[in-house]
Amino acid sequence: MGNLFAFVLFASPIPTFKRIVRNKSTEQFSGLPYVYSLLNCLICMWYGLPFVSYGVILVATVNSIGAVCQLVYVTLFIIYADTTRRLKMSGLLIAVLCVFSLIIYVSLELFDHQSRQTFVGYLSVASLISMFASPLFIINLVIRTRSVEFMPFYLSLATFLMSVSFFAYGLLLHDFFVYVPNGIGTVLGVIQLLLYAYYCRKPSEESRLPLLGSHG
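As the structure is a prediction and not an experimental result, all values here were calculated from the model. Throughout this description, residue numbers start from 1 for each chain and increase along the sequence as written. Selection of residues for local features in this predicted model requires a pLDDT of at least 70, selection of side-chain atom pairs for listing and counting requires 80 or more, and totals for whole chains, interfaces and linings are taken over all residues. For side-chain calculations, the full set of non-hydrogen atoms in the structure is used, while hydrogens and water are omitted.

Take the confidence of the model for the protein next. Within the protein, residue pLDDT values average 81, and 89% of them lie at 70 or more. Confidence scores labelled pLDDT are given residue by residue by the predictor and lie between 0 and 100. Strands here are runs of E lasting at least two residues and helices are runs of H or I lasting at least four, both read from the DSSP assignment and numbered beginning at the N terminus. For the protein, helix α10 (residues 204-208) is the element with the lowest average pLDDT, namely 43, and helix α5 (residues 83-110) is the one with the highest, namely 94. Whether two residues are in contact is decided by their heavy atoms: any pair within 4.5 Å suffices. Across residues 204-216 the pLDDT falls below 50, and counting only partners more than four positions away or on other chains, this stretch makes 19 contacts in the model.

Written out as structure tokens, the structure reads:
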């Protein structure tokens, strides 16, 4: 179920990027969640490969697909962003690729297999927590604008369902590297869904008013 919801999560930004491509603008959408997700998918993919861990190849396959999806999203965001955000996102993308290359080099050169798994496992926990924390920027935008327009519902729902599934999976396996970050993701997912339920009831005129200037 966790893998199924992960695939849903990877596909959930498609409506958002259809809108970005159609309007040829990123508007007030944030590209940070996709950058964090790319780094997370790359690290988790590396963790699931036999070079690091045995018996978790599905972790590698699902995150390899996720990495491709996030790379496409980041590329589209860079294409349609204004100059300032384009430079910022390009720099973050280069930084992510450099960090991942460094992780591969260090884990292969400085650690044996057992310590390598622990090292990459802790990195995967850190990256997952960063990925789950990135929606805090969107939560702040929702509260500030009193609008859920820029917090896609299906993205929030898929994040919550995936986090719950992997949290339960980690508890059953007593796997610290799985249940801790996904427990945090579950809490953040609940917060997003509660905010969506509260602000989606606001009158449409009120919720869209602060954002009219972004549709030039």
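Any two rings among Phe, Tyr and Trp, with Trp reduced to its six-membered ring, count as a pair given centres within 6.5 Å; such a pair is stacked if its planes are under 30 degrees apart, edge-to-face if over 60, and tilted if neither. Within the structure shown, the criterion is met by five aromatic pairs. Ring centres of tyrosine 34 and tyrosine 73 lie 5.9 Å apart, and the angle between their planes is 65 degrees; on these two criteria the pair is classed as edge-to-face. Of this pair, tyrosine 34 sits in helix α3 (residues 32-48) while tyrosine 73 is found in helix α4 (residues 57-80), placing the two residues 39 residues apart along the sequence. On the accessibility criterion, tyrosine 73 (6% relative accessible area) is buried. Taking the centre distance of 4.6 Å and the plane angle of 20 degrees together, the rings of phenylalanine 111 and phenylalanine 119 count as stacked. Three exposure classes are used, based on accessible area relative to the maximum for each residue type with a 1.4 Å probe and protein chains only: buried under 20%, partly exposed in between, and exposed over 50%. Residue classification places phenylalanine 111 among the partly exposed positions, given a relative accessible area of 26%. Since its relative accessible area comes to 24%, phenylalanine 119 is described here as partly exposed.

For this document, the term salt bridge refers to a Lys or Arg side-chain nitrogen within 4 Å of an Asp or Glu carboxyl oxygen. This model, assessed by the stated rule, comprises one salt bridge. For glutamate 27, the salt bridge is made with arginine 19, and the minimal N-O distance between the two is 2.6 Å. Just as glutamate 27 is buried, arginine 19 falls in that class too.

Here we come to the environment of isoleucine 20. Structurally, the position occupied by isoleucine 20 is in helix α2 (residues 14-23). On a C-alpha basis, the gap between isoleucine 20 and isoleucine 79 in space is 10.0 Å, while along the polypeptide they are 59 residues apart. Discounting chain neighbours no more than four positions away, the residues touching isoleucine 20 are Ser25, Thr26, Phe29, Phe77 and Tyr80.

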